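Overview (structure and organization)
Each chain, written out:
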Amino acid sequence: RGRAALPLADRAYLDALAGPRFPGTTPWTERITAWEHAAELAPDRPEVWFGLADALFHVGPLVGIPDASLRARAALS
């Protein structure tokens, strides 16, 4: 409900956590994009990088991201 009042980086993090189409279902490709966007806006937040790495590692190969494990590793370094 208070999403619009959040700073841009916090909104991006919320979108990544819940999915940009919340309360509807968001395809994983869009969720990974949301994690990448959150990482761009909040590069100093470790929870964002962990979320991106987790999504890439566990779901990336299933949605056709060929270098998902390498990108996950990069997100954690």
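Before any of the text, the structure's been laid out above.
Described in the following lines is the structure provided in the data block. Worth saying up front: this structure is predicted, and the values here are computed from it rather than measured. Along each chain, residue indices are assigned from 1 in the same order as the chain's sequence is written. Where totals are concerned, whole chains, interfaces and linings use all residues; where local detail is concerned, this predicted model gives features only for residues with pLDDT of at least 70, and gives and counts side-chain atom pairs only at 80 or more. By convention in this description, side-chain values take in all heavy atoms of the structure and omit both hydrogens and water.

**Quick look at the overall build of the protein chain**
- Segments assigned H or I by DSSP are reported as helices when at least four residues long, segments assigned E as strands when at least two residues long, and all are numbered from the N terminus. Within the protein chain one finds four helices and zero strands.
- Tracing the protein chain from N to C terminus, the helices and strands come up as α-α-α-α.
- Its C-alpha atoms give the protein chain a radius of gyration of 12 Å, within 12% of the compact-globule value 11 Å for 77 residues.
- For the protein chain, the spread of C-alpha atoms along the three principal axes comes to 35 × 30 × 15 Å.
- Any pair of residues with heavy atoms lying within 4.5 Å of one another is described as a contacting pair. Within the protein chain, counting contacts between residues at least 6 apart in sequence, those at least 24 apart form 32% of the total.
- Per-residue accessibility takes into account occlusion by the displayed protein chains alone, with areas from the Shrake-Rupley method and a 1.4 Å probe. With an accessible surface of roughly 5100 Å², the protein chain has 60% of that area assigned to carbon and sulfur atoms.
- Charge separation in the protein chain, taken as the distance between the mean sites of 8 positive and 9 negative side-chain charges, equals 6 Å. Radius of gyration here uses only the C-alpha atoms, and the compact-globule reference equals 2.2 Å multiplied by the residue count raised to the power 0.38. For the charge count, each Lys or Arg is scored as positive and each Asp or Glu as negative, with His and the chain ends excluded. For charged residues, the charge sits on one atom: NZ in Lys, CZ in Arg, CG in Asp, CD in Glu.

**A look at helix α2 (residues 28–41)**
- One less than the number of residues in a helix, times 1.5 Å, gives the span that helix is expected to have. The terminal C-alpha atoms of α2 lie 20 Å apart, and with 14 residues this matches the ideal 20 Å at 1.5 Å per residue to within 8%.
- Within the span of α2, buried status applies to R31, I32, A34, W35, A38 and A39. With its buried residues spanning 155° around the axis, α2 presents them on a single face.
- Here the buried face of α2 lies against α1 (8–18) and α3 (46–59). Between buried and exposed lies partly exposed: a residue is buried under 20% and exposed over 50% of the maximum accessible area for its type, with that area taken using a 1.4 Å probe on protein chains only. It is the directions from the helix axis to the C-beta atoms whose arc is reported.

**Topic: the packing of α1 against α2**
- To obtain an axis, a line is fitted to C-alpha atoms, over the contacting stretch when the element is a helix, and the angle between two such axes runs from 0 to 180 degrees between their N-to-C directions. As a packed pair, α1 and α2 sit with axes 8 Å apart at the nearest point and diverge in direction by 155°. Taken together, the axes of α1 and α2 lie roughly antiparallel to each other. The hand of the α1/α2 crossing is left-handed. Note on element contacts: α2 touches α1 through R31, A34, W35, H37, A38 and L41, opposite L8, A9, A12, Y13, D15, A16, L17 and A18. Between 65 and 115 degrees an angle is taken as roughly perpendicular, under 35 as roughly parallel, over 145 as roughly antiparallel, and anywhere else as oblique. Put simply, a crossing is left-handed when the front helix is turned counterclockwise from the back one by less than a right angle, and right-handed when it is turned clockwise.

By themselves, these are just geometric observations and shouldn't be taken as functional.
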